[in-house]
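Residue strings, one per chain:
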Amino acid sequence: MKYLQAFKLFYKIVEKFRISEFQQIAKTFSITSIFLLFYVVNSQGTETIPNLDFSGNGPLFLSKDLMHADILQVESLLRENYVRSPIIEKSGVKWESAIQSLLDQLSKNKNPILTHHFQKKLIKSLEFTNDGNLRTDLFIKNRHYVLRVEPKVAFFSGIRLAHDNGRFRVLPTMNFYKKIVNHWYVGCKTQQEIFFPILPLRQSEEIFMMGQQANHQLEPLDCIFENDSGEKQKILLPLLIPEAELNQPETPVYDYISGRTPYIRWYRDANSEEITVKEFHKLARKLRKSSTLIIDVRGNRNGSFAFFEKWLKHYTRNHWKNVIVKERHTIPIIKGLLNRVQWNLHHSSMRLLIGQDQLEQKSLQLKALGKHLREKGIAEKWIETKFIFNGNRNSPKWNTRLIVLANQHCGNGCQFLAALTKQIPQGVLIGSNTGPFPKNTSGPIFQLKHSRIMLSFSHRLHLNHQAKSVSPSGYVPDYWLFPPMDIQDIQRFASKNTNSL
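Residues numbered from 1 in each chain as written. Predicted model: local features only at pLDDT ≥ 70, side-chain atom pairs only at ≥ 80, totals over all residues. Heavy atoms only, no water.

(A) Region of interest: a nonpolar patch on the surface. Taken together, the side chains of Leu60, Phe61 and Leu114 define a hydrophobic patch exposed on the protein surface, amounting to about 260 Å² of accessible area. With respect to the helices and strands, the residue Phe61 is situated in strand S1 (residues 61-62). (Patch = residues over 30% accessible without salt bridge, like charges linked within 9 Å, V, L, I, M, F, W, Y side chains within 5 Å. Areas by Shrake-Rupley, 256 points an atom, 1.4 Å probe, with all protein chains shown as cover. Salt bridge = Lys/Arg side-chain N within 4 Å of Asp/Glu carboxyl O. Helix = DSSP H or I, 4+ residues; strand = E, 2+ residues; numbered from the N terminus.)

As structure tokens, this is what we get:
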């Protein structure tokens, strides 16, 4: 009877898992993960975890000693539990330097500082991670302060440059800095300028947009250009951020523009029984023989892999494994995940995401998993999830040059398509970085001892088809898209560069 009850519970969990956030990405799981999940639901393990303090009765001010203690706690938590910590250290960045810089800064304060100001300085010190999943929450006197690491975005100057014999030459631009057209770029004061590759007009060209990357508004670039006679001109170049489109629920499922290069704009998911969705699938069959296909997923933040997979099955019989999500479990991370359950219980009346019974069930599973790791002496457990696309055998083989447009509002389906451009021959990604994935909606939470600040981050790692870590800012485009470039420029590029890759 005991095992029958356990099996029934396991079946319920599987049913629940089908509607979870991983429904859209999980196509296969390792056998060991399935058995581990069965063990968890059949275990009676218990774990006592101190409750998160939502009272708001924490200190309004912090002394240097209390801040020092909390900073060391943050360093320990991140070093031991943050899934990207080894990757950051391998790149040459040392936690010690970032932490020491913050300690040195705070040591100069003779008087205690506001806890909220300490929160600001703490998150500022972690900006080097460029990880938007790193977040802090502080509850003080009926106020909730939320601060997270703001990822860098691309600022553009409007100056287009051609790479010519190892130098950069300014190209003509309508009504924009005409006096430096055909001048050579010499340098800028900041020495932090970036040359973003943009769409060329001809196959052999290398064209760039000058700008910078930052997570705050930047001052104009102070740069020098010179003509062929060596006469120099100093120019101030204002830096702008392109608008990041975000699709709204009232948008159609898709839009289609026919022509030499078919263009599809996929806006959102919909019920498979809707007429529009059936027309969408019919379009896939119609486009099977297209040599080049443009798929625009800008702003499709909630578009699922499961929805677009059905469309793609009508288009091709090919098979791909192009995105991997690895989830790390240790005893401390499990404690942080139990804190996350408590967080969800505390906020469930406002969000109504899942019922209290499911959250309590999740808590029992995590406690049982922690007991299992301790009893078996397992230091860490990784669970792997993959985007796996298995095409329909009745569809033709893939023989298409795929061009994908994406921005940082990139959901599961968008991430799959962006990753596909990096995997298949003649794939091109245009737009901007695709943003962090997966979103940290269920990662561990840890509360600092003195300030009562809650620190959260993701325990999942995003890997590409070569099992290499993808940056927290997402996939980098082959060509960036800046105003006034639009879909006509992309179609022109596609038609003139059919054999460029």
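(B) Layout of helix H11 (residues 412-421). Burial analysis of H11 places 10 of its 10 residues in the buried class, the great majority of the element. Of the positions making up H11, those classed as buried are Asn412, Gly413, Cys414, Gln415, Phe416, Leu417, Ala418, Ala419, Leu420 and Thr421. (Buried < 20%, exposed > 50% of the residue type's maximum accessible area, 1.4 Å probe, protein only.)

(C) Structural context of the sheet that holds strand S21 (residues 460-464). Read from one edge of the open sheet, three strands run S16-S15-S21, paired in antiparallel fashion. Looking at the sheet topology across the chains shown, the edges are occupied by strand S16 (381-390) and S21. The average undirected angle you get between the axes of adjacent strands in this sheet is 20°. Relative to S21, strand S15 (residues 319-329) runs antiparallel, the two being bridged by five bridges. Along S21, the bridge assignment pairs Lys326 with Leu461. (Pairing = 2+ DSSP bridges. Axes fitted to C-alpha atoms, helices over the stretch in contact; angles between N-to-C directions.)

(D) Examining the nonpolar core more closely. Counting residues in each nonpolar core, the largest one holds 40 residues, and the members touching the most others are Trp311, Leu312 and Phe416. Mapped by element, the contributors of at least two residues to this core are strand S13 (263-266), helix H7 (275-286), strand S14 (292-296), helix H8 (305-315), S15, S16, strand S17 (401-406) and H11. Every residue in contact with Phe416, bar those within four places of it in the chain, is listed here: Phe305, Leu312, Trp320, Asn322, Val323, Phe387 and Phe389. Counting residues in hydrophobic clusters, the runner-up holds 28 residues, among them Leu103, Leu126, Tyr145 and Ile453. (Core = buried A, V, L, I, M, F, W, Y, C linked by side-chain atoms within 4.5 Å. Contact = heavy atoms within 4.5 Å.)

(E) Summary view of helix H10 (residues 356-376). Taking 1.5 Å as the rise per residue, H10 with 21 residues should run 30 Å; its terminal C-alpha atoms sit 30 Å apart, in good agreement. Positioned one or two residues after H10, Gly377 has a phi angle of 65°, which is positive. (Expected span 1.5 Å × (residues − 1).)

(F) Up close: the environment of Leu237. Along the polypeptide, Leu237 turns up in strand S11 (residues 232-237). In this structure Leu237 comes out as buried when scored by relative accessible area, which is 0%. Sequence separation of Leu237 and Tyr177 is 60 residues, and the distance between their C-alpha atoms is 9.2 Å. When near neighbours in sequence (up to four residues on either side) are disregarded, Leu237 contacts Ser157, Ile159, Tyr177, Met210, Pro220, Leu221, Cys223 and Phe225.

(G) Seen up close, the pattern of salt bridges. Scanning the entire structure with this criterion turns up 21 salt bridges. For Glu245, the salt bridge goes to Arg265, with nearest N and O atoms at 3.1 Å. Of this pair, Glu245 sits in the loop between S11 and strand S12 (254-257) while Arg265 is found in strand S13, placing the two residues 20 residues apart along the sequence. Note on Glu245: relative accessible area 33%, which makes it partly exposed. A residue is classified by how much of its surface remains accessible, and Arg265, at 6% relative accessible area, is buried. Among the salt bridges present, the one from Lys278 reaches Glu273, with a minimum N-O distance of 4.0 Å. Looking at Lys278, the relative accessible area reads 47%, which means it is partly exposed.

(H) Representation of the state of the cysteines. Applying the stated criterion across every chain, the model contains two disulfides. Here Cys188 connects covalently by a disulfide to Cys223, the sulfurs 1.9 Å from one another. Judged by the sign of its S-S torsion, about 95°, the cystine formed by Cys188 and Cys223 is right-handed. With Cys188 in strand S7 (residues 184-188) and Cys223 in strand S10 (residues 221-226), the pair connects residues that are 35 residues apart, well separated along the chain. Like Cys188, the residue Cys223 is buried in the burial classification. Here the protein chain pairs its bonded cysteines, counted in sequence order, in the arrangement 1-2, 3-4. (Disulfide = S-S within 2.5 Å.)

(I) Up close: the confidence of the model for the protein chain. Confidence in the prediction of the protein chain, expressed as mean pLDDT, is 86, and 87% of residues score 70 or more. Scored below 50 in pLDDT, residues 1-48 makes 80 contacts in the model with residues more than four places away or belonging to other chains. (pLDDT = per-residue confidence, 0-100.)

(J) Geometry of the sheet that holds strand S4 (residues 143-148). Read from one edge to the other, the open sheet built from four strands follows the order S4-S3-S20-S19, with strand pairing classed as antiparallel. Each having just a single partner strand, S4 and strand S19 (445-447) make up the two edges of the open sheet. Strand-to-strand, the axes of this sheet are offset by a mean angle of 20°, without reference to chain direction. Note: strand S3 (residues 135-140) against S4, six bridges, orientation antiparallel. Residue pairing in the sheet places Leu138 in a bridge with Tyr145 of S4. Relative to the sheet, helix H6 (residues 115-125) contacts S3 and S4, its axis offset from that of S3 by approximately 180°.

(K) Here's a closer look at the packing of H8 against H11. Here H8 crosses H11 at 55°, and the two axes come no closer than 7 Å. It follows from the interaxial angle that H8 and H11 lie oblique. Taking contact as the criterion, the partners of Phe305, Phe308 and Leu312 in H8 are, on H11, Asn412, Gly413, Phe416 and Leu417. (Parallel < 35°, antiparallel > 145°, perpendicular 65-115°, else oblique.)

(L) Highlighting unusual backbone geometry. For the peptide bond that leads from Phe437 to Pro438, omega is -10°, which places it in the cis range. Tracing the sequence through the fold places Pro438 in the loop between strand S18 (428-431) and S19. Cis geometry is found at the peptide bond from Pro483 to Pro484, where omega equals 5°. Within the secondary structure layout, Pro484 lies in the loop between strand S22 (479-480) and helix H12 (487-496). The phi torsion at Arg452 lies on the positive side, around 70°, for a residue other than glycine. Here Arg452 lies in the loop between S19 and strand S20 (454-456). At Ala467, a position not held by glycine, the phi torsion is positive, near 65°. Classification of Ala467 as partly exposed rests on a relative accessible area of 48%.

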